[in-house]
Amino acid sequence: MMLMFCHTRHAAHHLRRLHSTDPMKIAPLLLPFLTPANAFAPQKTTLPSRSFSSSSLLDMPICILVEAEIKEDRMEEFLEMIEKNAVASRQEPGCIRFDVLQSEDAPNKFFFYEVYQDADAIAHHKTQPHYLAWGDFKESGGTVSSVSKKASGKFMT
């Protein structure tokens, strides 16, 4: 086992004092100052193994990421509508999460982070009045842009 000095100053002091002494006499004196070299190394942790079958991959949550830029003169209307949308969406069966985030760089840019249990939950969401209100808002010219991306959940909390 490789050893290193834990309290280097103290060990060096003893070595200087005893440098001409028999090494077998020095070793017991230095033992309190020695520690295994790997004692301060990060401990290797093993994450639990998780295997996925083709059927379990189908059971992964589905995430929708929306980036929307709202026209400045429609912000008040948008905020009222999107709050209702988020609150009602969270009550839907199969909706795991619905977050509305506002950009710090551009106050009229928003991100929606939506997580659904499966495709059926998304299909149900798209039939709801609060979702349709978002579509109406976009169609009426309330957005500068709106881009949606679909992703599969992998490592989520």
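Look above for the structure.
**A word on the overall build of the protein**
No. 1: Counting its regular elements, the protein contains six helices and six strands.
No. 2: In the protein, which comprises 157 residues, the proportion classed as buried is 27%.
No. 3: Partitioning the intrachain contacts of the protein with sequence separation of at least 6 by distance along the chain shows that 70% fall at a separation of at least 24.
No. 4: Of the roughly 11,400 Å² of accessible surface on the protein, 57% is carried by carbon and sulfur atoms.

**Here we look at the side chain of Asn85**
No. 1: Structurally, Asn85 is set in helix α4 (residues 75-90).
No. 2: Note on Asn85: relative accessible area 2%, which makes it buried.
No. 3: For Asn85, the contacting residues outside a window of four places in its chain are Phe98, His125, His130, Tyr131 and Trp134.

**Remarks on the nonpolar core**
No. 1: If you look at the biggest cluster of nonpolar residues, it comprises 19 residues, and the most contacted ones within it are Ile70, Phe78, Phe112, Tyr116 and Trp134.
No. 2: If you list the elements that add at least two residues to this core, you get β3 (62-70), α4, β4 (95-102), β5 (109-116), α5 (119-125) and α6 (129-139).
No. 3: Apart from the residues within four sequence positions on either side, Trp134 is in contact with Ala68, Ile70, Phe78, Met81, Asn85, Phe112, Thr143 and Ser146.

**Thoughts on the pattern of salt bridges**
No. 1: For the structure shown, the criterion picks out four salt bridges.
No. 2: Arg74 serves as the salt-bridge partner of Glu77, at 2.7 Å between the closest nitrogen and oxygen.
No. 3: Given a relative accessible area of 41%, Glu77 falls into the partly exposed group.
No. 4: Judged by relative accessible area, Arg74 falls into the buried class, the value being 15%.
No. 5: A salt bridge links Arg97 to Asp99, with the shortest nitrogen-to-oxygen separation between them at 2.4 Å.
No. 6: Judged by its relative accessible area of 40%, Arg97 is partly exposed.

**Thoughts on the sheet that holds β3**
No. 1: Read from one edge of the open sheet, four strands run β4-β5-β3-β6, paired in antiparallel fashion. Edge strands, defined here as strands with exactly one partner in the open sheet, are β4 and β6 (143-152). Each strand of the sheet is rotated relative to its neighbour by a mean of 10 degrees, with strand direction disregarded.
No. 2: Pairing geometry for β3 and β5, over eight bridges, is antiparallel. Bridge pairing in β5 places Glu67 opposite Phe111.
No. 3: Along the sheet, α4 contacts β3, β4 and β5; its crossing angle with β4, the most-contacted strand, is approximately 160 degrees.
No. 4: Against the sheet, α6 makes contact with β3, β5 and β6, and its axis sits at roughly 140 degrees relative to β6, the strand it touches most.

**Here's the deal with α6**
No. 1: Looking only at α6, the buried set comprises His130, Trp134 and Phe137. The arc enclosing the buried residues of α6, seen along the axis, measures out at 60 degrees, which places them on a common side. Looking at α6, the residues exposed on the side facing more than 90 degrees away from the buried face are Pro129, Asp136 and Glu139.
No. 2: Those residues of α6 that are buried lie in contact with β3, α4, β5, α5 and β6.
No. 3: Where α6 ends, the next residue or the one after it, Gly141, has phi of about 90 degrees, a positive value.

Calculation notes
Residues numbered from 1 in each chain as written. Predicted model: local features only at pLDDT ≥ 70, side-chain atom pairs only at ≥ 80, totals over all residues. Heavy atoms only, no water. Helix = DSSP H or I, 4+ residues; strand = E, 2+ residues; numbered from the N terminus. Buried < 20%, exposed > 50% of the residue type's maximum accessible area, 1.4 Å probe, protein only. Contact = heavy atoms within 4.5 Å. Areas by Shrake-Rupley, 256 points an atom, 1.4 Å probe, with all protein chains shown as cover. Core = buried A, V, L, I, M, F, W, Y, C linked by side-chain atoms within 4.5 Å. Salt bridge = Lys/Arg side-chain N within 4 Å of Asp/Glu carboxyl O. Pairing = 2+ DSSP bridges. Axes fitted to C-alpha atoms, helices over the stretch in contact; angles between N-to-C directions. Arc of directions from axis to C-beta.

None of this, on its own, says anything about what the molecule does.
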